[in-house]
Amino acid sequence: MSRHYDLRSSEVHDLVIAEAARVIEDGKLIVLPTDTVYGVAADAFSPEAVERLLEAKGRDRTMPPPVLIARPETLMGIAEGVDAATMALTAEFWPGALTIICRAQPMLDWDLGDTHGTVAVRMPDHEPALEVLRRTGPLAVSSANAHGQPAALTVEDAEQMLGETIEVYLDSGPAAGKGASTIIDMTAQPPRVVRSGPISYAALAEHVPNLLDVGQEPEDPEVPAEGAAADEAPASGEADRDG
C-alpha cells in the first residue's frame, strides 16, 4: 500500500526524507515536489527502477526520463564534453527551471531508455527535493502523471493518476505552478531551445552564442541541428515532465 507523508511537518521531516531515500535504494518509486510540478522519481542507476517509472507513466523506452541532481558539480560526473557555455548556464540558472541536454558519460552503468547517448539534467530550486537528492544521488524524475494527462500540481493529483505504483508520496502543498522547465539542447550544433518555459530564449542567448529558438532552423541548410526533435524534447526529455 502506498504511503503519504507531509513534508511540512517539522516533527517528522527528517524521518520522511530518510524513508524516501530508503525506498529509492530499494529500487521503488516515490513522488516528490519540485519547483515546477510534482515528479515521480527512481534511482537513475537502477535499470529496473527506471523501467518501473516508465511503466507507471504508461511510457516506453523511446521516452526516457531526465535526471535531477543536487549540485551543479554533479553534472561533470554524468555528462561529457561540458563546455564553458553549459557551465555558464548552470551558474546563472541552477538551481532553477532549466533542463540542459548533454552528452552522457559513456562509462556510466545506467539505462534510462533510448537516449541516443544524451542525458537531460536539471537542479531543482526546491529544498525538500534537494534534501532527497543529497541522500540518494541522481534521480530519474518525470512529471507525476499518467502519459497524456496534465502534470500533477498537487500530491493528490499525482496519487489519483499513479495510485499504487508509487511506494511513497511526499506532500509539500501545491506546486509553484511555474509549468514545466525550459529545455535547451547543448548537444545540437548550433545549440537550440527545444521547449519554451519559465526561462526565456533571450536570457539563455546571453550565454549561448548562435542559440536557436523553438522552431528555428540553422541559417546554413547544409548543417542540420543535431539532437532529437523538439516534439517531446530530445532523447532524455519529455514535454510533460518535471525536468
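Preceding this section is the structure that the text describes.
Presented here is a report on the structure given in the accompanying data block. Predicted model, so just to flag it, every value in this text is computed and none were measured. (Residues numbered from 1 in each chain as written. Predicted model: local features only at pLDDT ≥ 70, side-chain atom pairs only at ≥ 80, totals over all residues. Heavy atoms only, no water.)

1. Some thoughts on the pairing of strand β8 (residues 139-143)
- Among the five residues in β8, five count as buried, and that is most of the element.
- In this structure, strand β3 (residues 39-43) lies alongside β8, joined through five bridges in antiparallel fashion. Bridge pairing in β8 links valine 40 to serine 142.
- Two elements, strand β4 (residues 67-68) and β8, share two bridges in a ladder whose sense is antiparallel. Its bridge partner being in β8, leucine 68 is matched across the sheet by leucine 139. (Buried < 20%, exposed > 50% of the residue type's maximum accessible area, 1.4 Å probe, protein only. Helix = DSSP H or I, 4+ residues; strand = E, 2+ residues; numbered from the N terminus. Pairing = 2+ DSSP bridges.)

2. Here we look at the pattern of salt bridges
- Here the structure, examined in full by the defined rule, presents ten salt bridges.
- For aspartate 171, the salt bridge goes to arginine 8, with nearest N and O atoms at 3.5 Å. Linking aspartate 171 in strand β9 (residues 168-171) with arginine 8 in the loop between β1 (3-6) and α1 (13-25), this pair joins segments that are 163 residues apart in sequence.
- Under the relative-accessibility criterion, aspartate 171 is labelled buried at 7%.
- One salt bridge connects arginine 61 with aspartate 114, and the closest N-O pair in it is separated by 3.5 Å. Residue arginine 61 is located in the loop between α2 (47-57) and β4, and its partner aspartate 114 is located in the loop between β6 (98-104) and β7 (118-122); the two are separated by 53 residues in the primary sequence.
- Note on aspartate 114: relative accessible area 30%, which makes it partly exposed. (Salt bridge = Lys/Arg side-chain N within 4 Å of Asp/Glu carboxyl O.)

3. A short note on the side chain of threonine 34
- By secondary structure assignment, the location of threonine 34 is in the loop between β2 (30-32) and β3.
- Separated by 2.6 Å, the side chain of threonine 34 and the backbone oxygen of valine 37 make a polar contact. (Polar contact = N/O pair within 3.5 Å; in protein donor to acceptor, adjacent residues only side chain to side chain.)

4. Details of the side chain of serine 143
- Here serine 143 is to be found in strand β8.
- For serine 143, a relative accessible area of 0% translates into the label buried.
- A polar contact of 2.3 Å, which involves the side chain of serine 143, links it to the side chain of asparagine 145.

5. Quick word on α1
- The end-to-end C-alpha separation of α1 is 19 Å, in line with the 18 Å expected for 13 residues at 1.5 Å each.
- Those residues of α1 that sit buried are His13, Val16, Ile17, Glu19, Ala20, Ala21, Val23 and Ile24.
- Residues of α1 that are buried sit in contact with β1, β2, β3, α5 (127-136), β8 and β9.
- One or two positions beyond α1, positive phi appears at glycine 27, with a value near 85°. (Expected span 1.5 Å × (residues − 1). Contact = heavy atoms within 4.5 Å.)

6. Here we look at the packing of α1 against α5
- For the pair α1 and α5, interaxial distance at closest approach is 9 Å and the crossing angle is 50°. When the axes of α1 and α5 are compared, the pair comes out oblique. The chirality of how α1 crosses α5 is right-handed. In this structure, α1 uses His13, Asp14, Ile17, Ala18, Ala21 and Ile24 to contact α5, whose residues at the interface are Pro128, Glu131, Val132, Arg135 and Thr136. (Axes fitted to C-alpha atoms, helices over the stretch in contact; angles between N-to-C directions. Parallel < 35°, antiparallel > 145°, perpendicular 65-115°, else oblique. Left-handed = near helix turned anticlockwise from the far one by under 90°.)

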